[in-house]
Amino acid sequence: MKFRKNALAGIALAAAATLGLAACGSNAGTAPAASDAAASGEGITVYNAQHESLTKEWIDAFTKETGIKVTLRQGSDTEMSNQIVQEGAASPADVFLTENSPAMAQVENAGLFADVDKATADQVPAEFRPSTGKWTGIAARSTVLVYDKNKISEDKLPKSMLDLANPEWKGKWAASPTGADYQAIVAALLELKGEAATEAWLKGMKENFKAYKGNGTAMKAVNAGEVDAALIYHYYYYGDQAKTGENSKNVTPYYFKNQDPGAFLSISGGGVLKSSKKAADAQAFLKFITGKKGQEILKTGTSFEYAIASQVDANQKLVPIKELQAPAVDPAKLNSTKVTDLMTKAGLL
């Protein structure tokens, strides 16, 4: 998702009255005790590249339960990760949230994350966390090929994402290569198939695809008959369907499954900055959003991302995660720098 840089201005959110319960927050629903920072009127700062509406819901619920105020600074994955790396140990950020894993890996590789508290990590299954333990998954989104059901019959759909580089798909599909979403998909391909295969696929992509700015715009192009299919994330379709459906009425999502690179499940990340001066409160926020209440907010909200933690099932409108047959990818190994190099070399950036 794209956001203007002036969206980095902080949005102060008012604190709710401090709750009288002294027990720590848990999946059982007991409220954490208000911290000294909350009592003094201080709070934490979240650099957010997630859906702004979702994060605001998390913040409102967290503040109501703990009394801890949160300041939100909004931007895109790459925008915010570059900002944190540039700021280094002087960053005012306490927590970083993303839509995709490569931005988290960038900050981790710069040595700027603290370890995630064990109680938080234990709420998230291992397949939704990096092997390093320096951050954790908070949500997920599936790669899909949305296609015009009036133009393509099911038996003509590609068996693999890699087939989109074949000559028969020339001029028939779209993508948004400049976005962090798409670059995460390519990063997974690089990790799964290696550099040579990725470079060859990107060359075929350059020959075959049509570029659009934004996944939503690419889906609209399919719906309008401009192109037959688009490689995007699932939630654009489900989000539009939940509204008017006007941009997806002619569109059907197709899941590659079979551990194909096109079945990649992208992990949205959350981490606490090592430089945070309010580390306990920052860790509490990360624990809250991966806890039962935070994941229920995700499940019932309008982002249509997958809930992945605290045994909370995904929104019932979505294809269950276990049926996606996604390939196993360690999100800590998704290399955004190498991906942008390869995509630039292929003439896609």
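Residues numbered from 1 in each chain as written. Predicted model: local features only at pLDDT ≥ 70, side-chain atom pairs only at ≥ 80, totals over all residues. Heavy atoms only, no water.

## Section: the pairing of strand β8 (residues 229-233)
For clarity, the threshold we go by: Remark: exposure states derive from per-residue accessible area (1.4 Å probe, protein chains only) relative to the maximum for the residue type, with buried under 20%, exposed over 50%, and partly exposed in between. In this description a helix means any DSSP run of H or I spanning at least four residues, a strand means any run of E spanning at least two, and both kinds are numbered starting from the N terminus. When DSSP finds two or more bridges between a pair of strands, those strands are recorded as paired.
Counting buried residues in β8 gives five out of five residues, a clear majority hidden from the surface. Of the strand pairs in this sheet, strand β5 (residues 136-148) and β8 are connected by five bridges, and their pairing is antiparallel. Paired with Leu145 across the strands is Leu231, a residue of β8. By the bridge criterion, two bridges tie strand β6 (residues 173-175) to β8 in an arrangement that is parallel. Paired with Ala174 across the bridge in β8 is Ala230.

## Quick look at the side chain of Ser160
Stated precisely, the cut-off is as follows: What qualifies as a polar contact is a pair of N or O atoms within 3.5 Å, subject to a donor-acceptor requirement within protein and to the restriction that residues adjacent in sequence count only when both atoms come from side chains. Two residues qualify as a contact provided that any one of their heavy atoms is within 4.5 Å of a heavy atom in the partner residue.
Looking at where Ser160 falls in the secondary structure, it is placed in the loop between β5 and β6. Reaching out from Ser160, the side chain makes a polar contact with the backbone nitrogen of Leu162 at a distance of 3.0 Å. Apart from the residues within four sequence positions on either side, Ser160 is in contact with Phe256 and Asp260.

## Brief notes about the pattern of salt bridges
How we decide: Basic side-chain nitrogens of Lys or Arg form a salt bridge, by our definition, when they fall within 4 Å of a carboxyl oxygen of Asp or Glu.
Following the criterion strictly, the structure yields 12 salt bridges and no others. Ionic pairing is found between Glu199 and Lys345, a salt bridge with its closest N-O pair at 2.5 Å. Within this pair, whereas Glu199 is found in helix α7 (residues 195-208), its partner Lys345 is found in helix α13 (residues 336-345), the two being separated by 146 residues in sequence. By relative accessible area, which is 63% here, Lys345 ends up exposed. In this structure, Lys292 and Glu296 form a salt bridge, with 3.7 Å as the shortest nitrogen-oxygen distance. Taken as a pair, Lys292 and Glu296 lie in helix α11 (residues 292-300) at a separation of four residues, close to a single helical turn. Lys292 gets classed as partly exposed once you look at its relative accessible area, which sits at 37%. Of the residues examined, Glu296 reaches a relative accessible area of 29% and is grouped as partly exposed. The structure contains a network of salt bridges with shared partners spanning Glu99, Arg141, Asp181 and Glu305.

## Overview of the packing of aromatic side chains
Note the following rule: Between rings of Phe, Tyr and Trp, where Trp is taken as its six-membered ring, a pair exists when centres lie within 6.5 Å; planes separated by under 30 degrees are stacked, by over 60 edge-to-face, and by other angles tilted.
Under the defined criterion, the tally for this structure stands at eight aromatic pairs. When the centroid spacing of 5.1 Å and the interplanar angle of 85 degrees are considered together, the rings of Tyr237 and Tyr238 count as edge-to-face. Grouping residues by exposure puts Tyr237 and Tyr238 together as buried. Three or more aromatic residues joined by ring pairs make a cluster, and in this case those are Phe62, Phe285 and Phe288.

## Considerations on helix α6 (residues 180-193)
Spelled out, the test is: One fewer than the residue count of a helix, multiplied by 1.5 Å, yields its expected span.
The end-to-end C-alpha separation of α6 is 20 Å, in line with the 20 Å expected for 14 residues at 1.5 Å each. Counting buried positions along α6 yields 10 of 14 residues, so the element is predominantly enclosed. All of the buried residues along α6 are Asp181, Tyr182, Gln183, Ala184, Ile185, Val186, Ala187, Ala188, Leu189 and Leu190. At the exit of α6 stands Gly194, carrying a positive phi of roughly 95 degrees.

## Section: the packing of α6 against α13
Note the following rule: Working convention: axes come from line fits to C-alpha atoms, limited for helices to the stretch in contact. Angles between N-to-C directions cover 0 to 180 degrees. Every angle not falling under 35 degrees, over 145, or within 65 to 115 is termed oblique; those three ranges are roughly parallel, roughly antiparallel and roughly perpendicular. In this classification, Asp, Glu, Lys and Arg are treated as charged, Ala, Val, Leu, Ile, Met, Phe, Trp, Tyr, Cys and Pro as nonpolar, and every other residue, Gly included, as polar.
Across the interface, α6 lies against α13 with an axial gap of 9 Å and an inter-helix angle of 100 degrees. Judged by the angle between their axes, α6 and α13 are roughly perpendicular. Here Tyr182, Gln183, Val186, Ala187 and Leu190 of α6 lie close against α13, whose contacting residues are Lys338, Val339, Thr340, Leu342 and Met343. Considered class by class, the residues forming the contact of α6 with α13 number seven nonpolar, two polar and one charged.

## Observations regarding the nonpolar core
This is how the line gets drawn: The nonpolar core is taken to be a set of buried Ala, Val, Leu, Ile, Met, Phe, Trp, Tyr and Cys residues, with the residues joined through side-chain atoms within 4.5 Å.
Within the largest apolar cluster, 77 residues are counted, with the highest numbers of intra-cluster contacts made by Phe96, Trp173 and Tyr182. With eight residues, α6 is the single largest residue contributor to this core. Core analysis: the next-biggest nonpolar cluster, separate from the first, contains 25 residues, Trp58, Val70, Phe285 and Leu286 among them.

## A short note on the confidence of the model for the protein
This is how the line gets drawn: The quantity known as pLDDT measures the predictor's confidence residue by residue, on a range of 0 to 100.
Model confidence for the protein is summarised by a mean pLDDT of 90, while 88% of its residues fall at 70 or above. The model gives residues 1-40 a pLDDT under 50, and that stretch makes 83 contacts with residues more than four places away or in other chains.

## Things to note about the packing of α6 against α7
In the contact formed by α6 and α7, the axes pass within 7 Å of each other and the chain directions differ by 140 degrees. Here α6 lies oblique to α7, going by the angle between them. Contacts from Tyr182, Val186, Leu189, Leu190 and Lys193 of α6 reach α7 at Glu195, Ala197, Thr198, Trp201, Leu202 and Met205. Tallied by class, the residues present in the contact of α6 with α7 amount to eight nonpolar, one polar and two charged.

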